[in-house]
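# A look at the structure
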Amino acid sequence: MTEILLKDRFWEIVLDLTDPKTRLGAISFGLVFFLGAWLVGRAVRLAIHRYLDKVERAGADPTGIRFLAKFANVLVYLGAFVAYSHVVPALRNLGWASLASVGVLSVVLGLAAQSTLGNLISGISLVLYRPFKLGDRIQVPGPTGTEIGVVEGINLGYTVLRTNDERRLVIPNSTMASQTSINLSQARKGAPCTLTIILAAATDPAAARKILTALAKAHPKTIAIDGCNVTALSGSGTTLTLNVWCADADTAALLKSDLLEAAKKQFDAAGIKIARWSGLRATP
């Protein structure tokens, strides 16, 4: 008799576990949905991490993929909760019963989560427009002055920077999207070299420009020529400015010497008269 009662009790418990209308069933379904969400989330993370490895090996920017991975993980758990609430009658009935107060609740939650939602939307904007990416060195205004750090992560709510002294700056995405930031990693590498020559009033600047441009183009230390233009006119002559880009300030000094020497020889050979030579400005 006792054995029969135990069997009946066992089957009652099994039925309760499979019936979402009971408290025990609601708990068991909750555990199943949570486990399912965890497994799906883990599978999504593994798939995205494998894809990230390929992206990083290809040299592409992984910033957007990492952000979407975090966002997808949140959606998996949110979807599991919505499905669970539709399976358990108590939660479903509670939803219908509270439908009349949804409008008021939405306003309250909207005001309470305004900052959180703003950070999420700003994070999506940062990923889409890409003013900076992971690993970039950026300059931002801080509470105690200007801060410079490397972007370690763009999360759903915050952007994390690592400074040179190993501090972590945690900045809301809404602040990062609205404030002025300087991306130092995208700054042009090298140093400018500006050579200014004042030609005699009767000298044709086109001939002098042709010589200076050819000399700069042929020099091995020149990275790029930014122009050779007339920048001023005066009674003493015409000011011609050559702008060249090179590796660094030390290279600019050597480039100056070579260009001045070569230009002097070719100007003399071409009969181009110089009113005055100016110096070099090199900025690292």
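Residues numbered from 1 in each chain as written. Predicted model: local features only at pLDDT ≥ 70, side-chain atom pairs only at ≥ 80, totals over all residues. Heavy atoms only, no water.

## Quick word on the overall build of the protein
Looking only at helices and strands, one finds nine helices and nine strands in the protein. Classification of the 284 residues of the protein by burial places 30% in the buried group. The long-range share in the protein, meaning contacts at least 24 apart out of those at least 6 apart in sequence, stands at 59%. Counting only carbon and sulfur atoms, one obtains 63% of the accessible surface of the protein, whose full area is about 17700 Å². (Helix = DSSP H or I, 4+ residues; strand = E, 2+ residues; numbered from the N terminus. Buried < 20%, exposed > 50% of the residue type's maximum accessible area, 1.4 Å probe, protein only. Contact = heavy atoms within 4.5 Å. Areas by Shrake-Rupley, 256 points an atom, 1.4 Å probe, with all protein chains shown as cover.)

## A few points about the sheet that holds strand E3 (residues 158–163)
Pairing is antiparallel in the open sheet, where five strands are placed in the order E4-E3-E2-E1-E5. Only two strands of the sheet have a single neighbouring strand rather than two, namely strand E4 (168–172) and strand E5 (182–183). Alignment of strand E1 (residues 137–142) against strand E2 (residues 145–154), held across six bridges, turns out to be antiparallel. Along E2, the bridge assignment pairs glutamine 139 with isoleucine 148. (Pairing = 2+ DSSP bridges.)

## Regarding the confidence of the model for the protein
Model confidence for the protein is summarised by a mean pLDDT of 78, while 75% of its residues fall at 70 or above. The spread of mean pLDDT over the elements of the protein runs between helix H5 (residues 102–112), the lowest at 53, and helix H8 (residues 205–218), the highest at 93. Here residues 96–102 is a poorly scored stretch, pLDDT under 50, and it has zero contacts once near neighbours within four places are set aside; other chains count. Taken together, the stretch residues 279–284 has pLDDT below 50 and engages in 18 contacts with residues farther than four places along the chain or on a different chain. (pLDDT = per-residue confidence, 0-100.)

## Comments concerning the nonpolar core
Soluble globular proteins tend to pack their nonpolar side chains together in the buried interior. Within the largest apolar cluster, 20 residues are counted, with the highest numbers of intra-cluster contacts made by Leu212, Leu242, Leu259 and Phe267. Counting only elements with at least two residues in this core, the list comes to strand E6 (191–199), H8, strand E8 (237–246) and helix H9 (249–270). Sequence-distant contacts of leucine 242, defined by excluding residues within four places in its chain, comprise Cys193, Thr194, Leu195, Leu212, Ala216, Ile225, Gly227, Cys228 and Leu259. Listed in part, the 13 residues of the second largest apolar core include Phe67, Val127, Val151 and Met176. (Core = buried A, V, L, I, M, F, W, Y, C linked by side-chain atoms within 4.5 Å.)

## Focus on the pattern of salt bridges
Tallied over the entire structure, the rule returns nine salt bridges. Between arginine 167 and glutamate 147 there is a salt bridge; the shortest N-O distance is 2.9 Å. Of this pair, arginine 167 sits in the loop between E3 and E4 while glutamate 147 is found in strand E2, placing the two residues 20 residues apart along the sequence. Overall, arginine 167 belongs to the partly exposed group, its relative accessible area being 36%. Accessibility expressed as a relative area gives 11% for glutamate 147, which makes it buried. With its nearest N and O atoms 3.7 Å apart, the salt bridge here joins arginine 168 to glutamate 166. (Salt bridge = Lys/Arg side-chain N within 4 Å of Asp/Glu carboxyl O.)

## Quick word on the environment of lysine 273
Here lysine 273 is to be found in the loop between H9 and strand E9 (274–282). The spacing of lysine 273 and leucine 199 is 74 residues in sequence and 6.3 Å in space, taken between C-alpha atoms. Aside from chain neighbours lying at most four places away, what touches lysine 273 is Leu199, Ala200 and Thr203.

## Overview of H8
With 14 residues, H8 should cover 20 Å at 1.5 Å per step; its first-to-last C-alpha distance of 20 Å lies within 8% of that length. Structurally, H8 contributes buried residues whose contacts are with E6, strand E7 (224–234), E8 and H9. Taking the backbone nitrogen of alanine 206 as reference, a side-chain oxygen 3.2 Å away marks aspartate 204 as the first, capping residue of H8. (Expected span 1.5 Å × (residues − 1). Polar contact = N/O pair within 3.5 Å; in protein donor to acceptor, adjacent residues only side chain to side chain.)

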